[in-house]
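This is what each chain is made of:
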Amino acid sequence: MKKLLFFVMAVMALTSCYDDKNEPLPLDEKTTTTLYMAVNGYAGIPEAIYNLDGEKIFECQEGGHIQSLVSYHSDWYALICWGNGVYQVVKNGNVIHEGDGKIHCFTVYCGDVYTVLENNNKTIWACKNFQRMFDVTDDMMYYTFTVCQGFVCLPFCGDIGGMGVKSGFTMNDSHFSFEDGDMQFNWVYGIDIGDQFSEMLITFEDGLTRKYMYWWNGTKHECPDGFVPISSRLVNGHAFILGYKIASLGSSMVLPTVLIDGVETVLNNDGAGWRAVSMAAHDADTYILVNLETGTYSYVYKNLQPIRLPDVTTPYQLVPYGSDQHDGKTNLSILGIKAIAVVEVIEKTSTL
């Protein structure tokens, strides 16, 4: 498997000259970051996006549901689904795409929008800026993908090109399989590639053993007993796998858990029944979203420590349960957070 990884990296390094569009900031500007959080809607109260100061950045029209939230530098993008099957992509509050094809995956790489789109004829495409790149076949696991240097990478498990049933991944329309046959994807929870194709992380349920595994830089690892993955990502050379840990054998209670380079950490909170579901990162800072599996409550952890979420103005009907008065504010943790993204904030500084 290591030979396969080295081969892929060498091929991609020779064929990619992708402009990452990173422009140096003027001397009179400095950059800080904030966290954008998409929260649930309620009857008569649309879904919305807030920052860490409790400022409302964006509000959906009633009936719209925020599916995911991503960022590129100071730009933010949201994927919104409507009950009539229409999907919208919003950039900084403005609609840049609208259509009735189902969007399974959505991300932004170097300012370009990548999607996996299914049209009304059940044909699935990988798209860049809403233009078709290549067809996605039934063997490809189109519910998770990653993009590196402009290449769309999807896991697959099936008889692609008459090779027999094998597992592997695609780079646009090129396929790379694990030739030693000791891996077979039953389900893939996440796939990610480091900058310049320096590393790769695939988290999956093994079709042969039904165990939860991850393949990292050419080596296959088994997840700890009782750990169930939900998503995974590479951050600054480290492998983050988010999920939950079954509290004890035979128990239905679960604890939010993250594996970092194979080391298991149970995130602290007030009780069981929580899952680590997604993350956002910027430089050395990582944010992990943790949700209650049976309700709308949420926590956010920065570098594995819980952070204080802001109070936001809400109507009386959202008064916290058990409270006998309402001061016009409700904490975002009570509303429930659907998605997070780290957004750069450019501040003007004096040149005098």
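Check the entry above for the structure.
Residues numbered from 1 in each chain as written. Predicted model: local features only at pLDDT ≥ 70, side-chain atom pairs only at ≥ 80, totals over all residues. Heavy atoms only, no water.

Participant: How would you sum up the side chain of Q88? Please name residues and give values.
Facilitator: Considering the arrangement of structural elements, one finds Q88 in strand β6 (residues 87-91). A distance of 3.1 Å separates polar atoms of two side chains, one belonging to Q88 and the other to W82. Excluding residues within four positions of it along the chain, Q88 makes contact with A78, L79, I80, W82, V95, H97 and E98. (Helix = DSSP H or I, 4+ residues; strand = E, 2+ residues; numbered from the N terminus. Polar contact = N/O pair within 3.5 Å; in protein donor to acceptor, adjacent residues only side chain to side chain. Contact = heavy atoms within 4.5 Å.)

Participant: Tell me what's going on with the nonpolar core, and back it up with residues and numbers.
Facilitator: Formed by 48 residues in total, the largest nonpolar core has its most connected members in F169, M171, F185 and I202. By residue number, the principal contributor to this core is strand β13 (residues 151-158), which donates 6 residues. (Core = buried A, V, L, I, M, F, W, Y, C linked by side-chain atoms within 4.5 Å. Buried < 20%, exposed > 50% of the residue type's maximum accessible area, 1.4 Å probe, protein only.)

Participant: Please provide a residue-by-residue account of the sheet that holds β13, values included.
Facilitator: Spatial ordering of the open sheet is given by β12-β13-β14-β15, a layout of 4 strands whose pairing is antiparallel. One side of each edge strand has no neighbouring strand; the edge strands of this open sheet are β12 (146-148) and β15 (174-177). On average, each strand axis in the sheet is tilted by 30 degrees relative to the strand beside it, whichever way the strands run. The pairing of β12 with β13 spans 3 bridges and is antiparallel. Pairing of C148 across the sheet is with F151, part of β13. (Pairing = 2+ DSSP bridges. Axes fitted to C-alpha atoms, helices over the stretch in contact; angles between N-to-C directions.)

Participant: Break down the sheet that holds strand β22 (residues 254-260) for me, with residues and values.
Facilitator: Whether parallel or antiparallel, the strands of a sheet pair through hydrogen bonds between backbone atoms. The strand order across the open sheet built from 4 strands is β20-β21-β22-β23, with neighbouring strands paired in antiparallel fashion. Only two strands of the sheet have a single neighbouring strand rather than two, namely β20 (227-235) and β23 (263-266). Pairs of neighbouring strands in the sheet enclose a mean axial angle of 25 degrees, with direction left out of account. Relative to β22, strand β21 (residues 238-246) runs antiparallel, the two sharing 7 bridges. The residue of β22 that forms the bridge with K245 is L255.

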